[in-house]
Amino acid sequence: MMRRVIIALAAAVGLSGCTYERNHGPQAHFYDFKTQEPRGNTVTVCAAYGCKVQTRVTFSKAHIAEISQIMEKTRKADTPDEERRAVAYAIGWMERHTGAITGTSADRPGMEYAGSGDPTQQDCVDEATNTTSYLLVLQNNGFLRHHKVGTPFSKGNLLLGGIKQWPHWTAVLLENNSGTRYAVDSWNYENGENPAIVDAREWYIDDLDNLPKSTT
């Protein structure tokens, strides 16, 4: 199984270039991994590596109100930086909520061979897909003033560092005024821990050991 995963990933990035991009909005990511983008406040939560297991979860009106309160409480000023902090706290809450429903609250940080096919575990594809869904829910509810949801992308190079250089996916936020792209990455952390939100140019440049800290 893992050999097939490596081959598929190698084909996706051509084994040479370090970045795999799309030009058709976040919807292209859902299409490529055969899952659904959010419908209203209902998301499809991916698990078991590569979206092998998919569970629909709906955020109720009360949940959306709580998310709004979390973001307003976290945001210290009406700035892009503070909005990204607020987004991180919202994503952490949403991941804890869906984790309790789907069983992915038991997800362990990072990736491991035993996780493939385990419905409680999530790889970077699952995390990037789920985070993109959560970001779209925030956007669709008008909670993003300074950003819009970008298209997930991956970086990596199998020829350089073995497993540490596997193509690694992340969700993306685009800052409206500057156009700066930010990686929104939950993969390296415990379920429900705030994701890292960092300039995509500085994200996963050398190896996974140098991924940034979760947002505080």
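Every residue gets a number counted from 1 within its own chain, in the order that chain's sequence is written. Selection of residues for local features in this predicted model requires a pLDDT of at least 70, selection of side-chain atom pairs for listing and counting requires 80 or more, and totals for whole chains, interfaces and linings are taken over all residues. Side-chain numbers come from the whole structure's heavy atoms, not from hydrogens or water.

1. Digging into the confidence of the model for the protein
pLDDT gives the predictor's per-residue confidence on a scale running from 0 to 100. Per-residue confidence for the protein gives a mean pLDDT of 85; residues scoring 70 or more make up 80%. Under a pLDDT of 50 for its full length, residues 1–17 has, in the predicted model, 21 contacts with residues more than four places off or in other chains. It only takes one pair of heavy atoms within 4.5 Å for two residues to be counted as in contact.

2. Notes on the packing of helix α4 (residues 80–102) against helix α5 (residues 124–140)
Throughout, an axis means a line fitted to C-alpha atoms (over the contacting stretch in the case of helices), and angles, computed between N-to-C directions, take values from 0 to 180 degrees. Secondary structure elements follow DSSP: runs of H or I of four or more residues count as helices, runs of E of two or more count as strands, with numbering from the N terminus. The N-to-C vectors of α4 and α5 enclose an angle of 115°; their axes lie 10 Å apart at closest approach. On the basis of their axis angle, the class for α4 and α5 is roughly perpendicular. The handedness of the crossing between α4 and α5 comes out as right-handed. Only E127, T131, Y134, L135, V137 and L138 of α5 make contact with α4, whose side of the interface consists of V87, A90, I91, M94, E95 and T98. Partitioning the contact of α4 with α5 into residue classes produces eight nonpolar, two polar and two charged. Should an angle lie under 35 degrees it is considered roughly parallel, over 145 roughly antiparallel, and from 65 to 115 roughly perpendicular; all remaining angles are considered oblique. For a crossing to be left-handed, the near helix must be turned anticlockwise from the far one by less than a right angle; the clockwise case is right-handed. Residues were grouped as follows: Ala, Val, Leu, Ile, Met, Phe, Trp, Tyr, Cys and Pro as nonpolar; Asp, Glu, Lys and Arg as charged; and all remaining residues, including Gly, as polar.

3. Section: the environment of W187
Secondary-structure assignment places W187 in the loop between β7 (181–185) and β8 (196–199). For W187 and R108, which are 79 residues apart along the polypeptide, the C-alpha to C-alpha distance reads 9.1 Å.

4. Describing the pairing of β7
A 1.4 Å probe rolled over the protein chains alone gives each residue an accessible area, and that area as a share of the maximum for its type sets the label: buried under 20%, exposed over 50%, partly exposed in between. Buried residues dominate β7, accounting for four of its five residues. Paired strands, as defined in this entry, are two strands with at least two bridges between them according to DSSP. The pairing of strand β6 (residues 168–175) with β7 spans four bridges and is classified as antiparallel. Its bridge partner lying in β7, L173 is registered against Y182. Counting the residues between successive antiparallel strands, the hairpin from β6 to β7 contains five residues, one of them, G179, with a positive phi of roughly 75°. Here four bridges tie β7 to β8, and the two strands are oriented antiparallel to one another. Residue pairing across strands places Y182 opposite D199, the latter belonging to β8.

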